[in-house]
Amino acid sequence: MSVKLVILGLLMEGEKHPYEIQQIVNERHMKHYIKLAAGSLYYAFDQLERQGYVEVVDVVRDTNRPDKTIYRITEKGKQHFEQLLLEELQKHEHIHRSIYAGLSFAAYADAAKVSAVLERRLQETKQQLEKLKWIFEQKRPNEYVAKLYVLKGVIMHLETEIEWLQQLIQVANNKKLHEKGGS
């Protein structure tokens, strides 16, 4: 996910300062599907300003806090936003997950220990799923359909992962991780 897309997308909603962008990402629970580090956020704002995609509209000075630079998206930025959006929608990504690397060698480990770890992961995934279902229901009445489909997609992935983990745990419990040709 492009940090610049997130910034420009949120600026499409109105003028904001970088810290406010970070807060919105947290408040909207976007951290479940967008990686956004605070350091990269400020750097991206600098780049966007230099490229003419955002502009400073105000600097709020407070004696007790650092200055807050308020930005807005420019017309050039709106065009760039749409270009980034369409590029993101077209991207095909490889699925790199740490669990896959571990499972590649699970046949060489104690099946009971593997099963215990997978069981913990299953419980955590179920908790995450319930949280996201709750968030979905809270957002449903007032959120754009496209944003709801992001959450729906994450929910569907988690439901599939739960089913997959349950099958995998059964295989581990039956001490079949070291066998060949099963599924």
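Our subject in this report is the structure included herewith. Not measured: the values here are computed from a predicted model.

### Quick word on the pattern of salt bridges
Phase 1 of the analysis: Under the counting rule described, the total for this entry stands at 12 salt bridges.
Phase 2 of the analysis: For Lys147, the salt bridge is made with Glu13, and the minimal N-O distance between the two is 3.2 Å. Separated by 134 residues along the polypeptide, Lys147 in helix H7 (residues 145-173) and Glu13 in the loop between helix H1 (3-11) and helix H2 (18-27) bring together distant segments of the chain.
Phase 3 of the analysis: The partly exposed category is assigned to Lys147, whose relative accessible area is 29%.
Phase 4 of the analysis: A salt bridge links Glu55 to Arg72, with the shortest nitrogen-to-oxygen separation between them at 2.8 Å. Of the two residues, Glu55 is situated in strand S1 (residues 54-62) and Arg72 in strand S2 (residues 65-73); the sequence distance between them amounts to 17 residues.

### Some words on unusual backbone geometry
Phase 1 of the analysis: Even without glycine at this site, His29 takes up a positive phi of about 60°.
Phase 2 of the analysis: Structurally, His29 can be placed in the loop between H2 and helix H3 (38-50).
Phase 3 of the analysis: Of note in this structure, Lys175 is not a glycine but carries a positive phi near 55°.
Phase 4 of the analysis: Along the polypeptide, Lys175 turns up in the segment after H7.

The rules behind each value
- Residues numbered from 1 in each chain as written.
- Predicted model: local features only at pLDDT ≥ 70, side-chain atom pairs only at ≥ 80, totals over all residues.
- Heavy atoms only, no water.
- Salt bridge = Lys/Arg side-chain N within 4 Å of Asp/Glu carboxyl O.
- Helix = DSSP H or I, 4+ residues; strand = E, 2+ residues; numbered from the N terminus.
- Buried < 20%, exposed > 50% of the residue type's maximum accessible area, 1.4 Å probe, protein only.

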